[in-house]
Amino acid sequence: MTPLSRLKTAAGSTLEGIAAALDASPLTHRRHRIAVTGLQRSGKTVFITAFAHALLTAARAPMAAFPFFPWREHVQHVELLDIPGVPRFPFEERLDQLLAEKPTWPAPTTGLSGLRVRIRHGDVGLLRSVVSSSATTDLDLIDYPGEWLLDLPMLTQSFREWSLQMEELANSAGRLDLATPWLDAVRSLDPAAPENPAELARIGGLYRDYLLRCRQERSLCFVQPGRFALADETVDPAALFFPLSTVRSGMRSGMRPGMFPAGRGTMGAALLQRHAAYLKRVRQFYGDVFGRLGKQVLLVDLLSALQQGHVAFADLGLAIRSISDAFEELRHPLLRMLPIARVDRLALAATKADHVTADQHANLVNLLRDIVGEPFLLATARQSGLMAVASVKATTDLKLKVNGLATPFLRGIPAGRDEVLDIQPGVIPGTIPAADQWDELGFNIRRFEPPRLGAAFRDRPLPHVNLDKVLQFLLA
Ligand SMILES: Nc1nc2c(ncn2[C@@H]2O[C@H](COP(=O)(O)OP(=O)(O)OP(=O)(O)O)[C@@H](O)[C@H]2O)c(=O)[nH]1
Ligand SMILES: [Mg+2]
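Every chain begins its residue count from 1, and numbering advances along the sequence as written. Whichever chain is written first becomes A and whichever ligand is written first becomes 1, with later ones labelled in order. pLDDT decides what is reported in this predicted model: residues at 70 or higher carry local features, side-chain atom pairs at 80 or more are listed and counted, and totals for whole chains, interfaces and linings draw on all residues regardless.

Caption draft 1: Spotlight on the overall build of the protein chain. Runs of E in the DSSP output that reach at least two residues are strands. Runs of H or I that reach at least four are helices, and both are numbered from the N terminus. When you go through the protein chain residue by residue, the secondary structure sums to 13 helices and 12 strands. Classification of the 476 residues of the protein chain by burial places 40% in the buried group. Residue pairs are scored as contacts if the distance between their C-beta atoms, which are placed from the backbone, is within 7 Å. In the protein chain, 77% of the contacts between residues at least 6 apart in sequence involve partners at least 24 apart. With C-beta atoms placed from the backbone, a residue is labelled by how many other C-beta atoms lie within 10 Å of its own: buried for 20 or more, exposed for 12 or fewer, partly exposed between the two.

What follows is the structure in structure tokens.
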């Protein structure tokens, strides 16, 4: 079934029509669809705002504001448009927030939105050496809640495989105490008993509480299903499910002791059904929206996780690896589980690089390389690039004397404060620290309020780190 015919059968879906809208493109237009992906709070919304604003203003701004801008001399007009069928990304609102007298960062994203940046430029190829017949380039940017990305790896697993992984995680040292109410409740559940929606809702609610607490109290990001971990989202009790590795479908052969066939009308069957219905939604989202985007930016906030310590950092590593593996696996031509386009460019960006001094950016990139893993990078070597990025630079670098030595500091307004302070973020590791090294690490990563930029920046790119390199990498 093609993605479009599947869309037609998916009545009532909010995604209906989006795939078609993304596809409709006059032949005279060159279209680059950019999937901006990243876990919750990784910086997607800020990135899209700053990136779109830079594209709008860079051609007329001084070169230094956005050094790499391929069309600089040839740009005739840049405009922001809706992507038909997709709710519009509230660009103006987000920019106003950042340029306000007392600027604020965006609130967490709750739904899907998109923005089309249309650039009319002279008849030159992006590489300059290539002469193109087209004089219009569209960049489609899509924003969505980061929690949705967590669901991607679920597409590669059966209910049982997923359950086993989730149960193992729940029994790990950093989580067991939070998981206990759910684990206790699930122990008394008989998968072969007749379906009892109230009981499923009760245990499902306990499971969801556990996911929310992992995020809120421990800053653990690998929680699935991701949509259950959206704090404000009301999840239909009739859609809740939870891991239960003793349930298995298609049990005629190979049944092990302690496992239950999911007979019709049983608790086990209900869990399988709800899991399958959830995956259908996830598959639709990726297949119809992200699967069609040939260029991808994966934003990773390593620094916040680093500051949270060993357990949160390991958890981020697990999440990022699961997601990047899933992207590879789902794209595998033999599996064809998703109508995923070939990603011809994947920019892996460590975000919020302005939380450390510039001399630490190389370490930040190396840490990202270590987290993503050599096998993935080798497999995607031709398409992928690693970089340290700040979409909006909230700090400036300076050197201050400490014990007579010139030492790198950051100047900015720390989160929750009103005054500018000089902060010494220290040295971050260039590889994943071993468990026993964490106590010796000497860094102090703080969050910052947005910079006080004001209206002067309406016509030129906001201060950034390497945002232009992302554009260069995606298009060159
Ligand atoms: N200093 C600095 N902070 C940033 C930057 N980008 C993001 N942040 C911080 O990270 C937070 C999250 O950024 P968002 O862009 O909202 O992240 P998101 O990925 O859209 O998050 P969700 O919508 O929850 O998925 C912001 O509130 C800022 O505190 C940056 O370039 N520099
Ligand atoms: Mg967002």
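Caption draft 2: Up close: the site of ligand 1. Lining the immediate environment of ligand 1, one finds 24 residues, of which Lys44, Thr45, Trp105, Thr109 and Gly146 sit closest. Sort the elements by how many residues they give to the shell around ligand 1 and helix α3 (residues 44–57) lands first, with 3 residues. Following the grouping adopted for this structure description, the nonpolar residues are Ala, Val, Leu, Ile, Met, Phe, Trp, Tyr, Cys and Pro, the charged ones are Asp, Glu, Lys and Arg, and the polar ones are all others, Gly among them. Residue composition of the shell around ligand 1, by class: 9 nonpolar, 10 polar and 5 charged. We call a residue near a molecule or strand when the C-beta position, derived from backbone atoms, sits within 6 Å of it.

Caption draft 3: Representation of the environment of Glu233 within the structure. Mapped onto the secondary structure, Glu233 falls in the loop between α7 (197–218) and β5 (247–248). When the C-alpha positions of Glu233 and Thr110 are compared, they lie 8.1 Å apart, and in sequence the two are 123 residues distant.

Caption draft 4: Here's a closer look at α3. Helix length check: α3 (14 residues) gives 20 Å between terminal C-alpha atoms against 20 Å at 1.5 Å per residue, within 8%. The element α3 is extensively covered by neighbouring structure, given that 13 of its 14 residues are classed as buried. To estimate the expected span of a helix, subtract one from its residue number and multiply by 1.5 Å.

Caption draft 5: Region of the structure containing the nonpolar core. Working definition: the nonpolar core is a set of buried Ala, Val, Leu, Ile, Met, Phe, Trp, Tyr and Cys residues, joined through C-beta atoms within 7 Å. Grouped together as the largest cluster of nonpolar side chains are 111 residues, with contacts concentrated most on Leu141 and Ala349. Start and end positions for the domains come from either an automated domain assignment or a database one. Two domains each provide a minimum of three residues to this core, namely domain 1 (3–149 + 285–391 + 455–475) and domain 2 (150–278).

Caption draft 6: A look at the packing of helix α6 (residues 176–187) against α7. Relative orientation of the contacting elements α6 and α7 amounts to 165 degrees, with a least axis distance of 8 Å. Taken as axis vectors, α6 and α7 run roughly antiparallel relative to one another. With respect to the hand of their crossing, α6 and α7 are arranged in left-handed fashion. Judged by residue contacts, Leu178, Ala179, Pro181, Trp182, Ala185 and Val186 of α6 engage Ile203, Leu206, Tyr207, Tyr210, Arg213 and Cys214 from α7. Taken together, the residues of the contact of α6 with α7 sort by class into 11 nonpolar, no polar and 1 charged. Whenever a helix is involved, its axis is fitted only over the stretch in contact; in every case the axis is a line through C-alpha atoms, and angles between N-to-C directions fall within 0 to 180 degrees. Our angle categories are set so that under 35 degrees counts as roughly parallel, over 145 as roughly antiparallel, 65 to 115 as roughly perpendicular, and the remainder as oblique. With the far helix as reference, a near helix turned anticlockwise by less than a right angle produces a left-handed crossing, and one turned clockwise produces a right-handed crossing.

Caption draft 7: Up close: the sheet that holds strand β10 (residues 396–402). At least two DSSP bridges between two strands are needed for those strands to be called paired. Strand order across the open sheet formed by 3 strands is β10-β11-β12, with antiparallel pairing between neighbours. Edge positions in the sheet fall to β10 and β12 (421–423), since each of these pairs with one other strand and no more. Each neighbouring strand pair of the sheet contributes to a mean axis angle of 45 degrees, computed without reference to strand direction.

Caption draft 8: Representation of the confidence of the model for the protein chain within the structure. The predictor rates its confidence in each residue with pLDDT, a number between 0 and 100. Here the protein chain shows a mean pLDDT of 86. Residues at 70 or above account for 85%. Element-level pLDDT for the protein chain is lowest in helix α1 (residues 3–9), with a mean of 32, against a maximum mean of 98 in helix α4 (residues 91–99). In the predicted structure, residues 1–14 sits below a pLDDT of 50 and forms 13 contacts with residues beyond four places in sequence or in another chain.

Caption draft 9: Inspection of the pairing of strand β11 (residues 405–412) at higher detail. The pairing of β10 with β11 spans 7 bridges and is antiparallel. Bridged to Asp397 within β11 is Leu410. What sits between β10 and β11 in their antiparallel hairpin is a turn of 2 residues, with Asn403 showing a positive phi close to 50 degrees.

Caption draft 10: Looking closely at the packing of α3 against α4. One can describe the packing of α3 onto α4 by two numbers: an axis separation of 10 Å at closest approach and a directional angle of 95 degrees. With respect to their mutual orientation, α3 and α4 come out roughly perpendicular. Only Phe91, Arg94, Leu95 and Leu98 of α4 make contact with α3, whose side of the interface consists of Thr45, Thr49, Ala52 and His53. Residues of the contact of α3 with α4, tallied by class, amount to 4 nonpolar, 3 polar and 1 charged.

Caption draft 11: Quick peek at the environment of Asp190. Tracing the backbone shows Asp190 in the loop between α6 and α7. For Asp190, a count of 13 C-beta atoms within 10 Å translates into the label partly exposed. It is 7.3 Å that separates the C-alpha atoms of Asp190 and Met267, two residues lying 77 residues apart in sequence.

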